[in-house]
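Understanding the architecture of this molecule
What follows is each chain in one-letter form.
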Amino acid sequence: MPYIRVLEIATFYTMFNLQPVGRHHLQVCMTLSCSLMGADRLYAHLSRKLGIGHGETTADGRFTLRKVECLAACGGAPAMQVNYEFHEHLTPDGAADIVEAYKRGELTARGVSGGKAGGGI
């Protein structure tokens, strides 16, 4: 299989990473529903708070921040996925509160089941 074919698939799907990610992989949905509900402001706020940009990881290796397309949570826009856990109906401050809760160990990113919803803790 040609290298470009593998790269096309690996860069299209958000579950594939071409380099290691932080312990908490923050993925902010940027598709239409989330964008209309403030995903750009949410992402910019997290980027400032963490001091990293798209695809970057904090120096301590705890957080990687990415813009992604469609987390399939349009009804809960704007949405963010942390590892496999979804957080919906977010505000910039609510998303920052969630990140702080992960820092303090109050939240643990789990698998798909049992996700937390809401803009605050």
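**Some words on helix α4 (residues 92-104)**
With 13 residues, α4 extends 19 Å between its outermost C-alpha atoms, agreeing within 8% with the 18 Å of an ideal straight helix rising 1.5 Å per residue. Buried-residue contacts for α4 involve β1 (24-29), α3 (39-50), β3 (63-68), β4 (80-82) and β5 (85-87). G105 occupies a position one or two residues after α4 and carries a positive phi of about 85 degrees.

**Describing the sheet that holds β1**
Taking strand neighbours across the sheet as the criterion, the 5 strands line up as β2-β3-β1-β4-β5 in an open arrangement whose pairing is mixed. Strands with a single pairing partner mark the edges of an open sheet, and in this sheet they are β2 (56-57) and β5. As judged from the 6 bridges shared by β1 and β3, these two strands associate in the parallel manner. Paired with Q27 across the strands is R66, a residue of β3.

**Concerning the packing of α3 against α4**
Packing of α3 against α4 brings their axes to within 8 Å, and their N-to-C directions diverge by 40 degrees. As far as their axial angle goes, α4 and α3 are oblique. Regarding α3 and α4, the two cross each other, and that crossing is right-handed. Across the interface between the two elements, R41, L42, H45, L46, K49 and L50 of α3 pack against P92, D93, A95, A96, V99 and K103 of α4.

**As for the nonpolar core**
Counting residues in hydrophobic clusters, the biggest one holds 28 residues, and the most contacted among them are L26, V28, L46, L65, M80 and Y102. If you list the elements that add at least two residues to this core, you get β1, α3, β3, β4 and α4. Not counting residues within four places of it along the chain, the set of residues in contact with L65 comprises L26, V28, Y43, L46, S47, I52, G53, H54, G55 and E56.

**Re the confidence of the model for the protein**
For the protein, per-residue confidence averages 88 on the pLDDT scale, and residues scoring 70 or more make up 90% of the total. Per-element confidence in the protein ranges from a low mean pLDDT of 90 for helix α1 (residues 3-12) to a high of 98 for α3. A low-confidence stretch, residues 111-121 (pLDDT under 50), is modelled with 25 contacts involving residues beyond four sequence positions or located in other chains.

Calculation criteria
Residues numbered from 1 in each chain as written. Predicted model: local features only at pLDDT ≥ 70, side-chain atom pairs only at ≥ 80, totals over all residues. Heavy atoms only, no water. Helix = DSSP H or I, 4+ residues; strand = E, 2+ residues; numbered from the N terminus. Expected span 1.5 Å × (residues − 1). Contact = heavy atoms within 4.5 Å. Pairing = 2+ DSSP bridges. Axes fitted to C-alpha atoms, helices over the stretch in contact; angles between N-to-C directions. Parallel < 35°, antiparallel > 145°, perpendicular 65-115°, else oblique. Left-handed = near helix turned anticlockwise from the far one by under 90°. Core = buried A, V, L, I, M, F, W, Y, C linked by side-chain atoms within 4.5 Å. Buried < 20%, exposed > 50% of the residue type's maximum accessible area, 1.4 Å probe, protein only. pLDDT = per-residue confidence, 0-100.

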